[in-house]
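Secondary and tertiary structure notes
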Amino acid sequence: MTAPGAAAGDGASARPAPDDGARGTASPRPAPDRPTRDDASPPAPLVDVRALSITHRDAPRPTPADVTFAVRPGEALLVLGPSGCGKSTLALALNGLVPHEVWAETDGEVRLGGDDVAGMPVAEAAARVAMVFQDPDAQIVTTSVHEEVAFGAENLCVAADEIDRRVDRALRQVGLLDRRDDSPDALSGGGRQRLAIAAALAQGAPLIVLDEPTANLDPRGAREVYDVLGGLVRAGEVGLVLVEHNLDEALRVATRVLVLGHDGRPVLEGAPHEVFVGGAEVLESLGVWQPVATVAAAALRRAGLDVGAPLTIEALRTALRSTGTCTCNSRSGSGDAAVDRGGGPSGPADSTGGCSCDSRAGRAGDAVRADSGSRVASPDSTDAATGSGDAVPGPGDATTGPGDAPILTAAGLTVRRAGRTLLDDATLRIRPGEFVAVAGPNGAGKTTLLQALAGIVAPPRGTVAVDGRDVARLRVRELRDRIGYVFQNPEHQFLATTVRDELALELRNQGFADDAVDARVAESLARFGLDGLAELHPFLLSGGQKRRLSVATALVSGASVLVLDEPTFGQDRARAAELVAVLTELNAAGTTVIMATHDLQLAAEVADRLVVVADARIAADGPVREVLASGVLDEVGIGQPPLVRAFGGLADERLRGITRMRDLPGAETGAVPAAGAGAGPGPGAGSVPTMRTTTDAGTGVGRGAGGDARPGTGRDGAAADASTDAVAGGDPAGPAAPGPTGAPR
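Here the structure is a predicted model, which is why all the values come from computation and not from measurement.

**Digging into the side chain of E434**
Its location among the elements puts E434 in the loop between strand 12 (420-430) and strand 13 (435-439). Here the side chain of E434 touches R609 through a polar contact of 2.9 Å, side chain to side chain.

Pasting the structure below:
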């Protein structure tokens, strides 16, 4: 199939189509080989990509392959596709980093303002294309926030007074103006991502290319970033190319969507509504994220409720209001239920869809509150004589009874670094077999809490215990035998030069025999779809593949507690569904899972218990539904998960208070939730692969100091994806079995 291009040259048709239920059967239009021009003489393309194919060293085929598109001022192209299809490689080619800095064989053309980037120095291309990478640490080079934002403009020889103006404006736009004198190292992961975006804005390039720009941001931060990007697009100041899994936010600005297949070739192109509604079956087969509203509406239509085919939560709520399911009498615009107010560049979506009822109707109210503060406790929590008078956060209502002894505890945990309090007086009791989600704004202390619980950063003595033993006093091997940890940035935990050796490293350190090491490594490679990549360097994997490897290394020794920091970051829908299925299987088999996430819908779908961290303190802790009903997420500024926003305050008893996809009328049975907002069953959802466990320590079960058997790492049915963004491997075996669909975050 030739690369899409028609919408690129059609100024009017490039805008998102109205979210009209009558268009629900429309199919994405095929496009000619080259961009066209209309009679209105639209602006010249900022970037014009023609039949571009990129083949990395030793790769058997190009990824991406035969891609054609153009982007003009005021347009935003959203690029989607499964992990390893070449999305990041395509982004790097738009300013000449591929092939000038990252060697690869290229065919076709990339033209910037009519000039071929192949003959253009990278410095000249940088004046026309600003890049925001998937990993902000890969592009931060200075020692202060102000200097980092000024760096690009200084290298482009912009006048000093203009640099100061750009820096202040960019920092204000991303909410970092008050941190201008701080070191980038003092920012959270999300803060560093906003810093990278500010640096790109200050560069002043007319085209901005963003690779997963909100992956490390909390929901509020993501909304703020897209407020900024949307304003720039609507004003016609810039053009955007977005590689993004956060569809709920990206669809606020995207004017067109380009979907690449497993082989890196374009398979769909068109306006957002055309692609996500008309091409839903294709997206499902590819394992690509779909908007939560689209997936939820499909389930409701199966149940006989006509809500059209909305793309955003705001449009879905408007449609639900128009059906008479809302408890309030304010239904302005109810006749316009099908209009997707948040699906295009017209402006930021209203969080309530125009409804004046309490979106938290049905909340538990005072019964949920543990005290006059914002902390929430589960029914079996106990009081402690704390200085603040707060109730000790309870252990939730997950998989064990209230009498079970905790496996992991924190008491008065305080962490200070460089004169700053990162965590203040945290108290937790986590029981065996719980699935705990930790949420909160960027910089609130989530990662600090997780690292202290896992002993990655040694907590003060006597404040954290696992199996009754002080974490601060355990040797590294004893600690890793009990707690596995997955970092927010996968590259921070890679030590070996091949994927195979990375998986084997911990087992060899623990003294496993060679045959046992080989067996466990083989199981992990198969389970996480890495067996075709075993001999590659971990740094040459795509972002999603690095994430899968990091989880595999934490699980390979069979720890009974698994701690994960943003585990679905960078994953496509199919791989995220597989990962979440593995986590739920481990949890069902007795593994305690503690997961920090910005993806509030993921927390609602899979966790038993939700801990909310804000301003370095635990703001709430309790069963997920109670914490969601308490309103604390709104109070700390991150807002509610998408389904809570859509179904809060509805009169229909079938719909009121729904928080999970699988609870929707019309939801297909036999599926497990995928990661991400919109996680849940969709058309053609596949079954959960069954975890394979054995009685042999070398093939799946290990024993800790206490002699407890732990589930191994093998699982049948994992599909291998042998292609990567950085190094294309062999042809994939085909799309992973379709699983639950949804959009992340």
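**Examining the sheet that holds strand 14 (residues 464-466)**
The sheet built from four strands is open, its strands ordered 12-11-14-15 with antiparallel pairing. This sheet does not close on itself; its edge strands, each paired only once, are strand 12 and strand 15 (469-470). Across three bridges, the pairing between strand 11 (residues 408-417) and strand 14 is antiparallel. Directly across from L408, in strand 14, lies its bridge partner V466.

**Quick notes on the pattern of salt bridges**
For the structure shown, the criterion picks out 30 salt bridges. The salt bridge partner of R192 is D137, with a shortest N-O separation of 2.8 Å. Of this pair, R192 sits in helix 6 (residues 189-203) while D137 sits in the loop between strand 6 (129-132) and helix 4 (145-155), placing them 55 residues apart in sequence. Its relative accessible area of 16% is what places R192 among the buried residues. A relative accessible area of 31% means that D137 is categorised as partly exposed. Across the salt bridge formed by R252 and E249, the nearest N and O atoms sit 2.6 Å from each other. On the basis of relative accessible area, R252 is assigned to the buried category, the value being 7%. Overall, E249 belongs to the buried group, its relative accessible area being 11%. Overlapping salt bridges, with partners in common, bring together E75, R256 and E269 in one network.

**Some details on the sheet that holds strand 4 (residues 105-112)**
The strands making up a sheet associate through hydrogen bonds between their backbones, and the pairing can be parallel or antiparallel. Across the sheet, which stays open at both edges, the four strands sit in the order 2-1-4-5 with antiparallel pairing between neighbours. The outermost strands of the open sheet, each flanked by one partner alone, are strand 2 (67-71) and strand 5 (115-116).

What counts and how
- Residues numbered from 1 in each chain as written.
- Predicted model: local features only at pLDDT ≥ 70, side-chain atom pairs only at ≥ 80, totals over all residues.
- Heavy atoms only, no water.
- Helix = DSSP H or I, 4+ residues; strand = E, 2+ residues; numbered from the N terminus.
- Polar contact = N/O pair within 3.5 Å; in protein donor to acceptor, adjacent residues only side chain to side chain.
- Pairing = 2+ DSSP bridges.
- Salt bridge = Lys/Arg side-chain N within 4 Å of Asp/Glu carboxyl O.
- Buried < 20%, exposed > 50% of the residue type's maximum accessible area, 1.4 Å probe, protein only.

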